[in-house]
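Coordinate analysis (summary)
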Amino acid sequence: QMKVYNKFAIEEPAISKKMKDIAKDTDQTLKGYKFRIKTEQSYSRKVKTDMLEKNISEKQAIKDMNDVIRYTLVSSPKDLVKNFNKTKKLFEADSYKLIKVKNSWTNKNVAYKGVNCVFQTPNGEKFEVQFHTPESFSLKQNELHKMYEEQRLPTTSAARKAELEKMMLELSKNLEVPKDIEDIGK
């Protein structure tokens, strides 16, 4: 398990340099940079949780984890889609592959609003890049995060979970939707 984690730690500086260059070239803000790599403790906990919850082997849990290295790029609502496309082109020009795109902006039943992508380096390492507006990032980091943490506790009642879900959806309804967001993930 830690052998795989250490491989990520070795890859991270090159990916981080690429991310910084892309952020600069596209006028996006790189947020939460100091949290770009999961701690060993968090990594181990997620492997164990996924094994239990998904009833999968340790090997599979490790293989499925895409966010050991993760970044957040922030753009204005009018530039987010344009910057997403530029970022994708810049990665592809360096033989990185876009593996997965999840655009939650187009889903009314999801409180978290953002575009989550999994990219793969030429060496095969996967990492996550989230695209946010300043408002969606702030909401995710603050109010939504606190509610989500309470919601996922096993001690939280079903009624309280439903109440939290409703509150989170209400909060996210007020966010300005990025221009042409439905073009991502088609």
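As the structure is a prediction and not an experimental result, all values here were calculated from the model.

Quick word on the layout of surface pockets
- Within this model, the largest pocket holds a volume of roughly 1,900 Å³.
- The wall of the largest pocket is formed by 42 residues, among which Lys38, Asp67, Arg70, Tyr148 and Arg152 lie closest to the centre.
- Looking at the lining of the largest pocket, the elements that each hand over two or more residues are helix H2 (40-54), helix H3 (58-64), strand E2 (70-74), strand E3 (97-103), strand E4 (115-120), strand E5 (126-132), helix H5 (134-151) and helix H6 (158-173).
- In terms of residue class, the lining of the largest pocket is made up of 14 nonpolar, 10 polar and 18 charged.
- Within this model, the second largest pocket holds a volume of roughly 200 Å³.
- What lines the second largest pocket is Val4, Lys7, Phe8, Ile62, Lys63, Met65, Gly124, Glu125 and Lys126.

A closer look at the packing of helix H1 (residues 2-26) against helix H4 (residues 80-93)
- Two numbers describe how H1 lies on H4: the axes approach to 10 Å, and their chain directions differ by 135°. In terms of axis orientation, H1 runs oblique to H4. By crossing handedness, the relation of H1 to H4 is classed as right-handed. For the pair H1 and H4, the contacting residues are Lys18, Met19, Ile22, Asp25 and Thr26 in the first and Asn83, Lys86, Thr87, Leu90 and Phe91 in the second.

Regarding the sheet that holds E2
- Pairing is mixed across the open sheet formed by 5 strands, whose spatial order is E1-E2-E5-E4-E3. Looking at the sheet topology across the chains shown, the edges are occupied by strand E1 (29-31) and E3. Strand-to-strand twist in this sheet, taken as the mean axis angle between neighbours without regard to direction, amounts to 25°.
- Here H4 sits on the sheet in contact with E2, E3, E4 and E5, set at roughly 160° to E5.
- H5 rests against E1, E2 and E5 of the sheet, and its axis sits at about 115° to E5.

So, unusual backbone geometry
- Backbone geometry places Asp27, a non-glycine residue, at a positive phi of 60°.
- Mapping Asp27 onto the fold places it in the loop between H1 and E1.

How each quantity is defined
Residues numbered from 1 in each chain as written. Predicted model: local features only at pLDDT ≥ 70, side-chain atom pairs only at ≥ 80, totals over all residues. Heavy atoms only, no water. 1 Å grid on protein atoms, 1.4 Å probe; cavity = no way out; pocket = protein on both sides within 12 Å on 5 of 7 lines; lining within 4 Å. Points joined across faces, edges and corners; volume = space filled by probe spheres on them. Helix = DSSP H or I, 4+ residues; strand = E, 2+ residues; numbered from the N terminus. Nonpolar A, V, L, I, M, F, W, Y, C, P; charged D, E, K, R; others polar. Axes fitted to C-alpha atoms, helices over the stretch in contact; angles between N-to-C directions. Parallel < 35°, antiparallel > 145°, perpendicular 65-115°, else oblique. Left-handed = near helix turned anticlockwise from the far one by under 90°. Contact = heavy atoms within 4.5 Å. Pairing = 2+ DSSP bridges.

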